[in-house]
Amino acid sequence: MAVLNILQTGDETLRKVSEPVDSFDLNLANLLNDMRETLKDAKGAGLAAVQVGVLKRVFIVDVEDGYYEFINPKILGTSGSQYGAEGCLSVKGKWGDVKRPKKVTVLAKDRYGKEFKVVAKDFFAKAICHEYDHLDGILYTDKADNLRDE
Ligand code: CO
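Described below are features of the structure shown in this document. Owing to the predicted nature of the structure, the values given are computational and were not obtained by experimental measurement. (Residues numbered from 1 in each chain as written. Predicted model: local features only at pLDDT ≥ 70, side-chain atom pairs only at ≥ 80, totals over all residues. Heavy atoms only, no water.)

**Considering the side chain of Arg57**
Our working definition: Secondary structure elements follow DSSP: runs of H or I no shorter than four residues count as helices, runs of E no shorter than two count as strands, and numbering proceeds from the N terminus. Any residue under 20% of the maximum accessible area for its type is buried, any over 50% is exposed, and the rest in between are partly exposed; the area is computed with a 1.4 Å probe on protein chains only. N or O atoms within 3.5 Å of each other form a polar contact, as long as, within protein, one can give a hydrogen and the other can take it, and as long as residues adjacent in sequence are counted only when both atoms are side-chain atoms. We call two residues in contact whenever any of their non-hydrogen atoms come within 4.5 Å of each other.
The topology assignment puts Arg57 in the loop between β1 (46–48) and β2 (58–63). By relative accessible area, which is 11% here, Arg57 ends up buried. In terms of polar contacts, Arg57 uses its side chain to reach the backbone carbonyl oxygen of Ser18, at 3.0 Å. Beyond its immediate sequence surroundings of up to four residues, Arg57 is in contact with Val17, Ser18, Glu19, Pro20, Val21, Phe70, Ile71, Asn72, Pro73, Tyr132, Leu135 and Asp136.

**Quick notes on the coordination of the cobalt ion**
We apply this condition: Donors, by definition, are the N, O and S atoms found within 2.8 Å of a metal, the threshold being 3.2 Å for Na, K and Ca, and water is not counted, so a site can look incomplete.
At this site the cobalt ion is bound by Cys88 (SG), His130 (NE2) and His134 (NE2), with donor distances of 2.1 to 2.2 Å. Every donor residue of the cobalt ion comes from the same chain, spaced as C-x41-H-x3-H. Of this pair, Cys88 sits in strand β4 (residues 82–88) while His134 is found in helix α2 (residues 122–135), placing the two residues 46 residues apart along the sequence. Looking at His134, the relative accessible area reads 0%, which means it is buried.

Here you go:
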């Protein structure tokens, strides 16, 4: 396992749309293991593959509800709303307020290609929405109010 370099805003890779994963192989497992170590090292709540330069529809979230790996995720539904501060490991030293759904239902695959569904609320839902946006080249700063320094 290795701690990977996290791309910073201004890098055009962060603006690209990631491609679905079609091989649930050792490369994917290695990527996920490295991403988990990178996230832990950076003390973050979530990380998308594009942030480490891999344009695959993969993200991980590590929150109170647990550690989750999402591959080829689809948001099936959202409800309610929440508004609050967000940061991003690719936008160091900044915070901004973003409106997100209060609850999201997500269908995804795990590292073995097995489908699972998660109903996430509150911070977990916010983290999923933030990471999902990365897969489409969207940064939270595109949506944030009151963008400020740490
Ligand atoms: Co981010």
